[in-house]
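# Close look at the chain arrangement
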Amino acid sequence: MNRQLVWFRDDLRAIDNPALYYASQESTSTIAVYIATPKQWQQHDDAPSKIDFWRRNLKCLQATLSELNISLHFFQVETYQQIPDLIASICQHWKIKKLHFNQQYAFNEQLRDQHVTDVCHKIGVQAHSYVDQLLLPPKSVRTKSGGAFKVFTPFAKQARQQMQDPLVMLPLPTAQHTIEITHFPEKLELDQISWPSVTKAIQLMWPAGEQSAEKSLISFCESTINGYQQNRDIPSIPGTSGLSPYLTSGVISVKQCWLATKVYNDGSDNFAVWQNELLWREFYRHILIDYPQISKHQPWKSQTENIRWRKNEAELVAWQQGLTGFPIIDAAMRQLLTCGWMHNRVRMLTAMFLSKHLMIDWRLGESWFMQHLIDGDIASNNGGWQWCASTGTDAVPYFRLFNPITQSQRFDPQGKFIRHYLAELSTLNDKEIHFPRKNRPQDYPAPIIDLAEARERVLAEFKALGNKKAIIKTR
Ligand SMILES: Cc1cc2nc3c(=O)[nH]c(=O)nc-3n(C[C@H](O)[C@H](O)[C@H](O)COP(=O)(O)OP(=O)(O)OC[C@H]3O[C@@H](n4cnc5c(N)ncnc54)[C@H](O)[C@@H]3O)c2cc1C
């Protein structure tokens, strides 16, 4: 008996899944497990829409695996701390020789995996982890002096050079022999796990399964990509791939996406621009790996820890609920609440509005996004928030501050996006809709801040930071 155990986490697919594929190569007896951790999900701000997406994808995965005679079993514990002991007892109970899992890079996940590996070694079970979420292995994209890149553009240039070797996509695992496994009291059915409930509308927007993900990828590469360069910034147009929930939960691999850009490439700039977005994802993952403080609520630029963020509960709630009196901001925040997703252009605007105009701590926005995004991902979310708050890797200094009115006029000229989410403004004309003044409906709030004053306030705070840094240094 040479039994292999595959532990699924955020890699909910059968194709191009290194842990699953290599386990099936080692023997003909492979078993799979998924361990739910509801309390940990809560501590990590995982959104109900994302957790429900996991549930729906696990159902699809279970069906796919069963056709390969690989049974997927479910367990539940409160937090990561209980996982090492559980895995050890699963391995002993089912006489497992080797455990296989794909790497995750946030601090708690790394710690958990180290503990699991240690426990396995103690009981004589081998544990092997694989690079799955990345196009290039951790710490392999380096500057000439061997350090980590701190800025996106040179990172992307170097990454492209290193990716000239052909990427290889792994096929479905080979079918296994049926295994009779003994009863395990803690084992649950998928529906016995404490899943949160979400609206039917969100479930319909994001259908589960590898086939749905692949369909979206193909339809994007065959058609939507043609206008990507122009349309990707227009929030009223479905001009992007919509693949982020699938990538975050590993229903599709980043390699599958990158290879599609090779297969479908018509030589237009659109494919190169889309590849760049995949490289932004890659960049933030490498940043997460090289700077573990990112996982611990610390800013990437340590001196920005001295910023005196404002504490204003009323303004925070107005931002969260889409009631700031700035239509593009409010429409975006309501898109997040109704769809569990937000367009990239308005993610930037809303993040800058909170962290710069309202000068409220970016970490509060980061966790609100995580609590609601179906694609919530610590690396990209933290990277995006810190970029917008000028505490992170943005190469432009702190004075980059998008004006929500001029951005609205530029990227939603006819107010289509605003009208879609703010029915109360639907009768305003294309000019007024960006900043309603004399015709503002009674049920729409007045602006909660003066943009010019807010701009001065935040620029002064960042400017003073330079002086504070000097003071700290001279002490
Ligand atoms: C404040 C803020 C928070 C964000 N939080 C997340 C998050 O939690 N999860 C997440 O996946 N993305 C996040 N992003 C990045 C981006 O907004 C989404 O990836 C994108 O909107 C997803 O839509 P799409 O799949 O249609 O993108 P496409 O334009 O089709 O891009 C393809 C893929 O590239 C990646 N990508 C695109 N843009 C970025 C980017 N700026 N940074 C990192 N990866 C990118 C995503 O995986 C995306 O699915 C955030 C951006 C900002 C500014």
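### Topic: the sheet that holds strand β4 (residues 96–102)
Judged by pairing direction, the sheet is parallel, and its five strands sit side by side in the order β3-β2-β1-β4-β5 without closing on themselves. Each having just a single partner strand, β3 (71–76) and β5 (126–130) make up the two edges of the open sheet. With strand direction ignored, the average angle separating the axes of adjacent strands in the sheet is 25 degrees. Across five bridges, the pairing between β4 and β5 is parallel. Among the inter-strand pairings, Phe101 is bridged to a residue of β5, identified as Ser129. In the packing of helix α1 (residues 18–26) onto the sheet, contacts are made with β1 (3–8), β2 (30–36), β4 and β5, and the angle to β4 comes to roughly 155 degrees.

### Side note on the environment of Leu20
Take Leu20: it is sitting in helix α1. As a C-alpha pair, Leu20 and Leu65 span 45 residues in sequence and 10.0 Å in three-dimensional space. Dropping the residues within four chain positions of it, Leu20 is found in contact with Val6, Ala14 and Pro173.

### What about the domain arrangement of the protein chain?
Looking at the assigned domains, one finds that the protein chain contains domain 1 (3–131), domain 2 (133–168 + 211–290) and domain 3 (302–474). In this structure, domain 1 and domain 2 have C-alpha centres spaced 26 Å apart.

### A word on the site of the ligand
Lining the immediate environment of the ligand, one finds 27 residues, of which Thr240, Ser241, Ser244, Asn381 and Gly384 sit closest. Put simply, the parts of the chain that give the shell around the ligand at least two residues each are α10 (244–248), α12 (269–290), α15 (344–357) and α17 (378–389). Looking at the shell around the ligand, its residues break down into eleven nonpolar, ten polar and six charged. Both of domain 2 (133–168 + 211–290) and domain 3 (302–474) provide at least three residues apiece to the shell around the ligand.

### Re the pairing of β1
Among the six residues that make up β1, six are buried, leaving the element largely enclosed by the rest of the structure. Side chains of β1 alternate between two faces, with Arg3, Leu5 and Trp7 and Gln4, Val6 and Phe8 buried alike. Bridging between β1 and β4 involves four bridges; their strand directions are parallel. Counterpart to Val6 in the pairing with β4 is His100. Relative to β2, β1 runs parallel, the two sharing five bridges. Across the sheet, Phe8 pairs through a bridge with Tyr34, a residue of β2.

### Some thoughts on helix α3 (residues 48–67)
A rise of 1.5 Å per residue sets the reference length of α3, with its 20 residues, at 28 Å; its end C-alpha atoms lie 29 Å apart and thus fit the reference within 8%. Those residues of α3 hidden inside the fold are in contact with β2, α2 (38–43), β3, α7 (200–205), α8 (210–222) and α10. Asn69 sits one or two residues past α3 and shows a positive phi near 60 degrees.

### Concerning the packing of helix α4 (residues 83–93) against helix α5 (residues 107–122)
Two numbers describe how α4 lies on α5: the axes approach to 9 Å, and their chain directions differ by 35 degrees. Read as a crossing pair, α4 and α5 show a hand that is right-handed. Every residue of α5 that contacts α4 at Ile83, Pro84, Ile87, Ala88 and Cys91 is listed here: Arg112, His115, Val116, Val119 and Cys120. In terms of residue class, the contact of α4 with α5 is built from eight nonpolar, one polar and one charged.

### As for the nonpolar core
Here is a general trend for soluble globular proteins: nonpolar side chains tend to be buried in one another's company. Counting 111 residues, the largest nonpolar core has Leu5, Leu99, Leu288, Ala332 and Leu349 as its most contacted members. By residue number, the principal contributor to this core is α12, which donates eight residues. Beyond its immediate stretch of four places on either side in the chain, Leu5 contacts Ile31, Val33, Ile90, Cys91, Ile96, Leu99 and His100.

### A short note on the environment of Phe369
By the element assignment, Phe369 lies in helix α16 (residues 362–372). Sequence spacing of Phe369 and Asp45 is 324 residues, and the spatial spacing of their C-alpha atoms is 8.8 Å. Excluding residues within four positions of it along the chain, Phe369 makes contact with Gly376 and Asn381.

### Notes on the confidence of the model for the protein chain
Taken over all residues, the pLDDT of the protein chain has a mean of 95, while the share at 70 or more is 98%. Predicted confidence is poor over residues 470–475, with pLDDT under 50, and the contacts of this stretch with residues over four places away or in other chains come to zero contacts.

### Details of unusual backbone geometry
With phi around 60 degrees, His297 is a residue other than glycine that occupies positive phi space. Even without glycine at this site, Ser390 takes up a positive phi of about 60 degrees. Along the polypeptide, Ser390 turns up in the loop between α17 and α18 (404–411). By the C-beta count within 10 Å, which is 24 here, Ser390 ends up buried.

Definitions and cut-offs
Residues numbered from 1 in each chain as written. Predicted model: local features only at pLDDT ≥ 70, side-chain atom pairs only at ≥ 80, totals over all residues. Pairing = 2+ DSSP bridges. Helix = DSSP H or I, 4+ residues; strand = E, 2+ residues; numbered from the N terminus. Axes fitted to C-alpha atoms, helices over the stretch in contact; angles between N-to-C directions. Contact = placed C-beta atoms within 7 Å. Domains from an automatic or database assignment. Near = placed C-beta within 6 Å. Nonpolar A, V, L, I, M, F, W, Y, C, P; charged D, E, K, R; others polar. Buried ≥ 20, exposed ≤ 12 C-beta atoms within 10 Å, placed from the backbone. Expected span 1.5 Å × (residues − 1). Left-handed = near helix turned anticlockwise from the far one by under 90°. Core = buried A, V, L, I, M, F, W, Y, C linked by C-beta atoms within 7 Å. pLDDT = per-residue confidence, 0-100.

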